[in-house]
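Now for the letters of each chain:
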Amino acid sequence: MSTIQDFSGYAPTWCPGCGDWGIGIAIKTALVQMGLDPSSVMVIFGIGCSGNMNDFLNAYAIHSLHGRALPNAIGAKLANHKMPVVAVVGDGDCYGEGGNHFIHACRGNHDITVIVHDNGVYGLTTGQVAPTSQKGFKSKSTPSGIIETPINPLTLALTQGATYVAQTFAGNVNHVVEMIKEGIKHKGFSLINVLQPCVTFNKINTYKYYLQHSYKLPDEYKKDNLEEAMRKGNEMTTAEKFPLGILYQSHRQAFSDELPQLAQAALTEKQRFVNFENLYSDFL
Amino acid sequence: MKFTWKIGGEAGFGILTSGLVFSKIANRLGYYTFDYIEYPSLIRGGHNALEVVVSDEEAHALKKDIDFLVCLNEDTYKHHKHRLTSQSHVLYDPDEFVLQEENFIKISVPFKKFLSDLKGLPVMKNTIAMGATLAILGSDLLLISEILEKQFIRKGQEVVDFNKKFAQLGYDHVKQNFPQQIIKDLTKKESEQKLVMSGNDAFCFGSIIADCRVYCAYPMTPSSTVLTTMAAWQEKTGIIVRHAEDEISVINTALGSSFAGVRSAVGTSGGGFALMVESISFAGIAEMPIVIFLAQRAGPATGMPTWTEQGDLLFAVHAGHGEFPKIVLAPGDIEEMVNLTARAFNLADIYQTPVIVMSDMFLSESHKSMAKKFIEELSTTFKIERGKTVNVPTEQKYLRYRVSGDGISERLIPGAKGHFYQVNSYEHVEDGHTTEDAQARRQQVEKRNRKWETYLAKDFEAPKIFGDMNSAEIVFVSWGSTKGPILEAQKMLASQRKNTAYIHFTHLYPMDKGVVVPLFPSGKRYVLVENNSHGQFGKLLLMETGIEIKEKLLKYDGRPFWPEEIVEYTNQHV
């Protein structure tokens, strides 16, 4: 049985009060509670304050390029589908720079768990606008307020075929833990969008703001209904209301489970191919 | 004996397939072939042509005179008539167009009439042409029947027989009407068993021989057939092929699978390669093995997608921001492609860095005969060398980026119990954690740089020299697919009693000055031959060794060199 300590690397360098602290402890707690240890999980980090968790979390890990964590995670899963693969990314990282990868990872139902630190701002580059910033948000790169409307990660994931779509709030660590555990358990693509206050650069979407504008999905909520999930997810755009919980979960074969090459063993475990006689006929 | 057979017609009507069928027949009959396709970047309506050089000895390049021209439309004749001689046979349909000229041998074949009489499809013109061709060349229909059988048996015997009828019509027509024009150039002879393979096919064989387990790509001419061949081989070989959403995803998927422990490769052309460049730098600092297949086409930007050029050499050499070791290899023909590709996977694992294998449209899409035993031997003797890749660390405290004398650190496959580590796109200390410390930075930069020194000492291969350097007055210097035309040109020059040598580079970057400089004795006429307009290899050679070649023969019209062109140039500029 592993402990939180086993997963703890360097002391985090996040700002005091940053939502990332809550997400960091929630990820470790979830991994411990699932019986995993740093040798049994692969974690791919993007670039940003979120990605800086690379130095604070022990695992077989890649600190990737900005935006590219998802394809790295997909590749790692293809090579060794027996290990859980988690991507720790930011909103600018995953929905901006890596937006195309996000869409296609949903479609492919790749069995990876994507934890997005959604703080509505670029923290590490000192406060420019993010794809999730609300319309009119004033930032160093949009001094007159952003013209674009925010991306809606939940409905985007839903329409692109993600099979597990959840949202949680960094201020409620227990809930983040639950969402992550369910996400890792889920066979297929899982998105956990974590609403994360940036105490330094985002004075709008504060802890207080999220406490006022978010709500937990009721117990009787049916998470297998795509239309209902779309309606709930859309409330973020239309009503500034942020549902928390598993919006949607369905069961479709994960990408790696549809590959007959992986039916018997992981790619890493397989014997070298030697039967070349089988390949010649097309060239004779 | 050597002749060129060329077939042309409207795009979308099976010209390229029938050309390949002809190559295979010639090989099975005991001959060697080299082919070349010309096609526009569209699916229907343009002009497609394919030519095959057939010889009783190994063929490396094209031959300018066309001996047999099969015109499935008038464009074929118009585009290629300047390459006809008085001995050329031209097969054409008088119902299609009128041939006024008399300065070659005309063989009229009523393609249109045969099709309408039997209600055949337009694509069956090819089958008629194949029958007619085999008749002219004094062969029989045995092999074409076999091929049609294999191709159509799934659709039923009736379809097979229907197709065979068209081959028979073309064959009988020539036999009956042009018996005096029949040249027995393709009668069966004994020869070793051969495979008909393109450069792209050869890359696939090299990869599978080297135990590549993930191939990732986004279609881009002229690399696309690697993707489709690898995809078709998934079931047989167990490789996983991912056609990702863009080239950035392509290379990062492969880097993910490489990190997790399996040999991984990507393939693309210049534009897609450009998208991969940031991640090549990532592979450099994170020290992740990756093999990148770069099949060049005529750029810049979209350029001329279906034509050939060696225009990306310096781009490949310099691809990636920051400083990190990288290895660039360039095969000159399909045998070198198989060898160097397989080797590229070993080098990527040993040096834990990107290895680029360069091709171009001419090498990637031309087919050449390869002795079957060449592949059989290599696939059984090739040794997988993974360098310092381990499943269990040899030292108690595992450090992913441990500073070492040869610059290479142990690479632990993720999953080993009791261990963990991160690979990092940031600069890092020995255990992988991020750093900005000056001393740690220097240590890691120097460690990575030492991998190059180790490579040059252990794995750099000197260029191959063809011909006798001592007696040579003229020395060609080149790399990549120009090899074939230069070798043929050397033969032609030798028959004119001109002694030449050819320095053919395959290990392009980095280069060992101490090894290369002595290969360039003074007092010779050196000619740089490249399929680009900047003389990029010349610049690279100067940069790496200080050798400057002043005389350059450069071609940059999207077409490969004719051996005849090299001969002519050599003789004119004395």
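Everything numeric in this text was worked out from a predicted model, so none of it was measured. (Residues numbered from 1 in each chain as written. Chains lettered and ligands numbered in written order. Predicted model: local features only at pLDDT ≥ 70, side-chain atom pairs only at ≥ 80, totals over all residues. Heavy atoms only, no water.)

Caption draft 1: Molecular detail of the overall build of chain A. Per the secondary structure count, chain A includes nine helices and 10 strands. Computed over the C-alpha atoms, the radius of gyration of chain A is 19 Å, within 12% of the 19 Å expected from 2.2 N^0.38 for a compact globule of 284 residues. Counting only C-alpha atoms and orienting by the principal axes, one finds that chain A spans roughly 65 × 40 × 40 Å. The buried share of chain A, reckoned over its 284 residues, is 62%. (Helix = DSSP H or I, 4+ residues; strand = E, 2+ residues; numbered from the N terminus. Rg over C-alpha atoms; globule rule 2.2 N^0.38 Å. Buried < 20%, exposed > 50% of the residue type's maximum accessible area, 1.4 Å probe, protein only.)

Caption draft 2: Spotlight on helix α20 (residues 563-572) of chain B. Residues and elements named next belong to chain B. Along α20, the residues classified as buried are Pro563, Ile566, Val567, Tyr569 and Thr570. For α20, the angular spread of the buried residues around the axis is 165°, confining them to a single face. Elements in contact with the buried residues of α20: β19 (474-479), α17 (483-495), β22 (525-530) and β23 (551-554). (Arc of directions from axis to C-beta. Contact = heavy atoms within 4.5 Å.)

Caption draft 3: Fine view of the sheet that holds β19 of chain B. Residue and element names in this part refer to chain B. Overall, mixed pairing links the five strands, which are arranged β18-β20-β19-β22-β23 in an open sheet. Where the open sheet ends on each side, the last strands, each with one partner, are β18 (464-467) and β23. Across the sheet, the axes of successive neighbouring strands diverge by a mean angle of 25°, strand direction being ignored. Pairing between β22 and β23: four bridges, direction parallel. Looking at β23, one finds that glutamate 530 is bridged to leucine 554. In the packing of α20 onto the sheet, the strands contacted are β19, β22 and β23, and the crossing angle to β23 comes to about 150°. (Pairing = 2+ DSSP bridges. Axes fitted to C-alpha atoms, helices over the stretch in contact; angles between N-to-C directions.)

Caption draft 4: Structural view of the UniProt feature "domain: Thiamine pyrophosphate enzyme TPP-binding" (unreviewed entry) in chain A. Taking the numbering used here, the UniProt-annotated feature "domain: Thiamine pyrophosphate enzyme TPP-binding" (unreviewed entry) corresponds to residues 48-194 of chain A. Measuring from the first to the last C-alpha atom of residues 48-194 of chain A gives 15 Å, for a span that is 33% helix and 21% strand. (UniProt positions renumbered as here; feature names shortened; annotations may be inferred.)

Caption draft 5: Here's a closer look at the packing of helix α3 (residues 111-118) of chain B against helix α6 (residues 157-177) of chain B. All names here are of chain B. It is the contact of α3 with α6, at a shortest axis distance of 11 Å, that shows an interaxial angle of 145°. By crossing handedness, the relation of α3 to α6 is classed as right-handed. In this structure, α3 contributes Phe114, Leu115 and Leu118 to the contact, and α6 contributes Phe162, Lys165, Phe166, Leu169, Gly170 and His173. Of the residues assigned to the contact of α3 with α6, the class counts are six nonpolar, two polar and one charged. (Left-handed = near helix turned anticlockwise from the far one by under 90°. Nonpolar A, V, L, I, M, F, W, Y, C, P; charged D, E, K, R; others polar.)

Caption draft 6: Looking closely at the side chain of lysine 368 of chain B. Following the sequence through the fold, lysine 368 of chain B ends up in strand β14 (residues 367-371). Excluding residues within four positions of it along the chain, lysine 368 of chain B makes contact with Thr33, Phe34, Glu58, Ala59, Leu195, Val196, Met197, Asp333, Ile334 and Glu335 of chain B.

Caption draft 7: The interface of chain B and chain A, seen in detail. The partner chain A presents 51 residues to the 63 residues of chain B that form the contact. Interface area, chain B with chain A, both sides summed: about 5100 Å², of which 59% is carbon and sulfur. Put simply, glutamate 277 of chain A and lysine 372 of chain B hold a salt bridge, and the shortest N to O gap is 3.1 Å. Here chain B and chain A share 29 residue pairs in polar contact (both at pLDDT 80 or more) between them. Here the side of chain B that touches chain A takes nine residues from helix α10 (residues 247-260) of chain B, the largest share from any one element. (Buried area = accessible area lost by both parts, 1.4 Å probe. Salt bridge = Lys/Arg side-chain N within 4 Å of Asp/Glu carboxyl O. Polar contact = N/O pair within 3.5 Å; in protein donor to acceptor, adjacent residues only side chain to side chain.)

Caption draft 8: Geometry of the sheet that holds strand β10 (residues 242-249) of chain A. Spatial ordering of the open sheet is given by β9(A)-β10(A)-β7(A)-β8(A)-β4(A)-β3(A)-β1(A)-β2(A)-β17(B), a layout of nine strands whose pairing is mixed. Both outer strands of the open sheet, β9 (214-216) of chain A together with β17 (422-424) of chain B, are each paired with one neighbouring strand and no more. Sheet twist, expressed as the mean angle between neighbouring strand axes with direction ignored, is 20°. Examined bridge by bridge, strand β1 (residues 42-45) of chain A and strand β3 (residues 85-90) of chain A share four bridges and lie parallel to one another. Residue phenylalanine 45 of chain A lies in a different strand from β3 of chain A, and its bridge partner there is valine 88 of chain A. Here helix α7 (residues 173-185) of chain A sits on the sheet and contacts β3, β4 (113-118), β7 (164-169), β8 (190-195), β9 and β10 of chain A; the angle it forms with β7 of chain A, its principal contact strand, is near 165°.

Caption draft 9: Region of interest: the packing of aromatic side chains. Tallying each qualifying case throughout the model produces 34 aromatic pairs over all chains. Both rings, one in tyrosine 95 of chain A and one in phenylalanine 102 of chain A, keep their centres 5.2 Å apart while their planes meet at 75°; by these two values the pair is edge-to-face. The exposure class assigned to phenylalanine 102 of chain A is buried, which follows from its relative accessible area of 0%. On the basis of an interplanar angle of 20° and a centroid distance of 6.1 Å, the ring pair of tyrosine 280 of chain A and phenylalanine 205 of chain B is categorised as stacked. A residue pair is termed interchain when its members come from two chains, as with tyrosine 280 of chain A in the segment after β10 and phenylalanine 205 of chain B in helix α7 (residues 199-209). Overall, the relative accessible area of 0% leaves phenylalanine 205 of chain B in the buried class. (Phe/Tyr/Trp six-rings, centres within 6.5 Å; stacked < 30°, edge-to-face > 60°.)

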